[in-house]
Amino acid sequence: QDISCPPVELLVGVQSALGETCSTSAYLSHSLIASASSELGWALIKSSHISDDNRARVLEIAISALSLTKNAAWLVLMKNAVASEHSTLVSPFAGQACNIAYQEGFEAMAELELVDPLLALLRECVRSRIASFASCESLTVVIRYNCHFLKHTAGSEAKSALSLACSLLSAPFGGNTDTFQLQLEQVMGNEGAGVLLVLTLLEAANGDMPSSLISDIADALYNFWSTCTSPQARSWITEATAQHCRNLGKSNEKHQAEFLNELLGEACSTDNRKFKRCLKAFCGGKKKGANN
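The following refers to the structure shown. (Residues numbered from 1 in each chain as written. Predicted model: local features only at pLDDT ≥ 70, side-chain atom pairs only at ≥ 80, totals over all residues. Heavy atoms only, no water.)

**Some thoughts on the packing of helix H13 (residues 231–247) against helix H14 (residues 253–263)**
Put simply, H13 and H14 touch, their axes get as near as 11 Å, and they point 140 degrees apart. Note on packing geometry: the crossing formed by H13 with H14 is right-handed. Between H13, through Ile237, Thr238, Thr241, Ala242 and Cys245, and H14, the contact on the second element is made entirely by Gln256, Phe259 and Leu260. (Axes fitted to C-alpha atoms, helices over the stretch in contact; angles between N-to-C directions. Helix = DSSP H or I, 4+ residues; strand = E, 2+ residues; numbered from the N terminus. Left-handed = near helix turned anticlockwise from the far one by under 90°. Contact = heavy atoms within 4.5 Å.)

In structure tokens, the structure reads:
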């Protein structure tokens, strides 16, 4: 507690040990070392006895270790750091951590158990308005990945994807005027990502996600429906509904109008149970999801 440099040097030594265990395929040792050293890293980041320069060193080590080991513990460390009082310091490293996970590809991320911690990190980055995501390209990548995970995951990963979707849908209507807000409005509104997310959630309710998650999907949509009442949010709902009907081969405009009138009406916006019943009826009732 009295000195900051030796613990950081210890972490440097741990990183070296990680390299040795990886090179010898000693997976158990590698996993244990990664878990223990990431906990040490987090303890150093939140310690009041360490300088910001040494916090930055710890984050650099975490990025290097994540790149080397692809261990989820380092994503968890990054998520905790983003949520801490040091989020400004963490900002550039958070983007690097996400990029390392992205480069693995969808299937590899699932095999390495990176999906859940990656989505948690992304959700925290959106909530904390991390500057490294304040670009149209970065936000577009985040939304594209979130839509993929909404269609191809189950269990806790699916719930994490739903939670991230909620954060992304509500963020443009938070009343902020910073760079992050302006870029998010550009991507979600002008580039159509808001409509895409709502459409993906409707398709998830229609069977792209396990039927056991229908209540969670409805909750995600209801949260957006009931809190984002601007004309732009309503236009996303209307356009996504029309696209969903076209995808299903149902172009009955009267059916769409009846659904939207009920869904956007006062009864559904103030009663979650009525909203869920309306959504289930529109999406064809409870059915077996693609991931069941």
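What follows picks up the thread again.
**Things to note about unusual backbone geometry**
Of note in the backbone geometry, Lys70 takes a positive phi value of approximately 55 degrees without being a glycine. The residue Lys70 is located in the loop between helix H3 (52–69) and helix H4 (72–82) in this model. Residue classification places Lys70 among the buried positions, given a relative accessible area of 19%. If you check the backbone angles, Arg129 has positive phi at about 60 degrees while not being a glycine. (Buried < 20%, exposed > 50% of the residue type's maximum accessible area, 1.4 Å probe, protein only.)

**Some words on helix H11 (residues 193–208)**
Helical periodicity: at 3.6 residues per turn, an α-helix aligns residues three or four positions apart in one direction. Look at H11: only 19 Å from first C-alpha to last across 16 residues, short of the 22 Å you get at 1.5 Å a residue. Counting buried positions along H11 gives 14 out of 16 residues, so the element sits mostly inside the fold. (Expected span 1.5 Å × (residues − 1).)

**What about the packing of aromatic side chains?**
Tallied over the entire structure, the rule returns six aromatic pairs. Taking the centre distance of 4.3 Å and the plane angle of 40 degrees together, the rings of Tyr102 and Tyr145 count as tilted. Remark: Tyr145 occurs in helix H8 (residues 136–152) and Tyr102 occurs in helix H5 (residues 87–103); sequence separation between them is 43 residues. Taking relative accessible area as the criterion, Tyr145 reaches 7% and is therefore assigned buried. (Phe/Tyr/Trp six-rings, centres within 6.5 Å; stacked < 30°, edge-to-face > 60°.)

**Points about helix H16 (residues 272–282)**
Restricting attention to buried positions, one finds in H16 the residues Phe275, Lys276, Cys278, Leu279 and Phe282. Across the axial projection of H16, the buried residues extend over an arc of 165 degrees, all falling on one side. Turned more than 90 degrees away from the buried face of H16 sit Arg273, Arg277 and Ala281, all of them exposed. Sitting at the head of H16, Asp271 places a side-chain oxygen 3.0 Å from the backbone nitrogen of Arg273. (Arc of directions from axis to C-beta. Polar contact = N/O pair within 3.5 Å; in protein donor to acceptor, adjacent residues only side chain to side chain.)

**A word on the environment of Ala72**
Tracing the backbone shows Ala72 in helix H4. Spatially, the C-alpha atoms of Ala72 and Leu114 are 5.3 Å apart, while their sequence positions differ by 42 residues. With near-sequence residues (within four places) excluded, Ala72 lies in contact with Glu113, Leu114 and Pro117.

**Section: the pattern of salt bridges**
A side chain of one charge can pair with a side chain of the opposite charge if their charged atoms are brought near each other. Under the counting rule described, the total for this entry stands at six salt bridges. In this structure, Glu124 and Arg127 form a salt bridge, with 2.5 Å as the shortest nitrogen-oxygen distance. Residue Glu124 and its partner Arg127 are both found in helix H7 (residues 115–127); the two are separated by three residues, about one turn of the helix. Relative accessible area serves as the criterion here: at 13%, Glu124 is assigned to the buried category. A salt bridge links Lys151 to Glu203, with the shortest nitrogen-to-oxygen separation between them at 3.0 Å. Residue Lys151 is located in helix H8, and its partner Glu203 is located in helix H11; the two are separated by 52 residues in the primary sequence. For Glu203, a relative accessible area of 14% gives the class buried. (Salt bridge = Lys/Arg side-chain N within 4 Å of Asp/Glu carboxyl O.)

**Some points on the packing of H7 against helix H9 (residues 155–170)**
Running from amino to carboxyl end, H7 crosses H9 at an angle of 15 degrees, the nearest separation of the two axes being 9 Å. Compared by their axis directions, H7 and H9 come out roughly parallel. The hand of the H7/H9 crossing is left-handed. Contact residues: Val115, Asp116, Leu119, Leu122, Arg123 and Val126 in H7; Ser156, Glu157, Ser160, Ala161, Ser163, Leu164, Ser167 and Leu168 in H9. Split into classes, the residues belonging to the contact of H7 with H9 amount to seven nonpolar, four polar and three charged. (Parallel < 35°, antiparallel > 145°, perpendicular 65-115°, else oblique. Nonpolar A, V, L, I, M, F, W, Y, C, P; charged D, E, K, R; others polar.)

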